[in-house]
Amino acid sequence: IKKIGVLTSGGDAPGMNAAIRSVVRTCAYHNIKCYGIYRGYEGIIDGDFVEMGPRSVKGLINKGGTMLKSARSKTFRTKEGRQLAHDNLIKAGIEALVVIGGDGSFTGSMVFNEEYNFPVMGIPGTIDNDIFGTSHTLGYDTALNTVVEVIDKIRDTASSHNRLFFVEVMGRDAGHIALNVGIGAGAEEILIPEEDLGLERLLESLRRSKQSGKSSSIVVVAEGDKIGKNVFELKDYVEENMTEYEVRVSVLGHMQRGGPPSCFDRVLASRMGVKAVESLLEGKSNYMVGIKNDVMDLTPFDQAVKGKSKINKELLRVSDIMST
Ligand code: ATP
């Protein structure tokens, strides 16, 4: 392999830039040319490439978002679109791809690899941590730190006014963010899609907490929670059934995806970039790079896409004990 292309696809996440930097510098280290591809798969189809060297990625390790931009490409979902993409890669002499993105992006890579036997390696970039085959996805640790900091601030208001706050956090169908920030920020209750607490038990728990002398409470709600009510309906329900609380809702939204990556994410991105490029050079393809017990690891795309990242049950118990 003499030329590798790198792209970011799907939702952005802190640490993507650090991963681009790592891919570019690892290529330079091994005397391989590296091309940055703009706007994910859209950029391959449009031939939107730029050659990158070690100095093109200076000052990038601490920046959120992705300098290569990200996009969702409808055209790449079509056979004709992928044909165009393949033609452009061949024309540019690009022989392998590093795709930084989520499970949708990896599905795209898998399809492309099946059709053209084109070498691809994935780096999981999403704050949701919902990808099988790695204990941490890029951006997850940063998001945890961002959210905990915000909940600390919300708590100031909650305790000054004796209020109950429902704080909705991101995570799609996974409760990793909610469970961890819930423990980290000392939430009274944590509602996640993997565990249906039930409305009655939520009320009971809030009553218990009130009786134990607490005057304010934080309940962290994962956006994908399946309690049957959205966070605003939940507020109405609790206010109707527990007049002793004044309830407020805070939906944190996209601020959770931004900001400079944490040190953990910068180091992880650097390690993942090295592993991705060196695995391609070893002739491997169709894998996602991951980290398990602090060791870099490869998971076949089909497993990474189909598998589910499980919630840590021990954390559920810790959270229960902490809200005593
Ligand atoms: P996030 O988790 O942030 O949504 P993602 O990588 O899962 O990131 P998607 O929008 O699902 O984001 O996928 C990114 C892109 O991957 C799509 O816009 C599309 O171009 C490509 N893709 C996804 N699935 C397929 C598929 N089955 N065939 C071809 N391309 C696909």
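Treat the numbers as computed from the prediction; the structure is a model and nothing was measured. (Residues numbered from 1 in each chain as written. Predicted model: local features only at pLDDT ≥ 70, side-chain atom pairs only at ≥ 80, totals over all residues.)

**Q** Is there a simple way to think about the pairing of strand 11 (residues 295–300) in this case?
**A** Regular strands place side chains that alternate from one sheet face to the opposite one. As paired strands, strand 10 (residues 287–292) and strand 11 are joined by six bridges and run antiparallel to one another. Paired with Ile291 across the two strands is Met296, which belongs to strand 11. Counted along the chain from strand 10 to the antiparallel partner strand 11, the turn is two residues long, and its residue Asn293 has a positive phi close to 45°. (Pairing = 2+ DSSP bridges. Helix = DSSP H or I, 4+ residues; strand = E, 2+ residues; numbered from the N terminus.)

**Q** What exactly am I supposed to notice about the UniProt feature "binding site: ATP" (unreviewed entry) in the chain here?
**A** Mapped onto the present numbering, the UniProt feature "binding site: ATP" (unreviewed entry) falls on Gly11, Arg72, Ser73, Gly102, Asp103, Gly104 and Ser105. For the residues just named, distributed over 95 residues, the greatest C-alpha separation is only 14.1 Å, placing them together at one site. Secondary-structure assignment places Gly11 in the loop between strand 1 (3–8) and helix 1 (16–29). Judged by C-beta crowding, with 21 C-beta atoms within 10 Å, Gly11 ranks as buried. Each residue touching Gly11, except ones within four places of it in the same chain, is listed here: Gly102, Thr126 and Arg257. The residue Ser73 is located in the loop between strand 3 (49–52) and helix 3 (79–92) in this model. (UniProt positions renumbered as here; feature names shortened; annotations may be inferred. Buried ≥ 20, exposed ≤ 12 C-beta atoms within 10 Å, placed from the backbone. Contact = placed C-beta atoms within 7 Å.)

**Q** What is the right way to look at the confidence of the model for the chain in this model?
**A** Detailed reading of predicted coordinates is not advised where the pLDDT is low. In this model, the chain carries an average pLDDT of 95, and 100% of its residues clear a pLDDT of 70 or more. With pTM at 0.96, the complex prediction returns an ipTM value of 0.96. (pLDDT = per-residue confidence, 0-100.)

**Q** I would appreciate a short explanation of helix 3 in the present structure.
**A** An α-helix turns once every 3.6 residues. As a result, residues three or four positions apart point the same way. End to end, helix 3 covers 20 Å across 14 residues, agreeing with the expected 20 Å (1.5 Å per residue, within 8%). Arg82, Ala85 and Leu89 are the residues of helix 3 that are buried. Projected onto a plane normal to the axis of helix 3, the buried residues spread over an arc of 55° and lie on a single side. Residues of helix 3 that are exposed and angled more than 90 degrees away from the buried face: Glu80, Ile90 and Lys91. Packing partners of the buried residues in helix 3 comprise strand 1, helix 2 (40–46) and helix 4 (103–116). (Expected span 1.5 Å × (residues − 1). Arc of directions from axis to C-beta.)

**Q** Would you mind going over the sheet that holds strand 3 with me for this structure?
**A** Either a parallel or an antiparallel arrangement is found when strands of a sheet pair, and the pairing is made through backbone hydrogen bonds. Judged by pairing direction, the sheet is mixed, and its seven strands sit side by side in the order 3-2-1-4-5-10-11 without closing on themselves. Either end of the sheet is taken by a strand with one partner, and the two such strands are strand 3 and strand 11. For this sheet, the mean inter-axis angle between neighbouring strands, taken without regard to orientation, is 30°. Relative to strand 2 (residues 33–37), strand 1 runs parallel, the two being bridged by four bridges. Along strand 2, the bridge assignment pairs Gly5 with Tyr35. (Axes fitted to C-alpha atoms, helices over the stretch in contact; angles between N-to-C directions.)

**Q** I tried to follow the site of the ligand on my own but got confused; where do I start?
**A** In the vicinity of the ligand, 17 residues are found, and the nearest of them are Gly10, Gly11, Gly102, Gly104 and Gly108. At six residues, the largest contribution of residues to the shell around the ligand is made by helix 4. Of the residues belonging to the shell around the ligand, the class tally is three nonpolar, eleven polar and three charged. (Near = placed C-beta within 6 Å. Nonpolar A, V, L, I, M, F, W, Y, C, P; charged D, E, K, R; others polar.)

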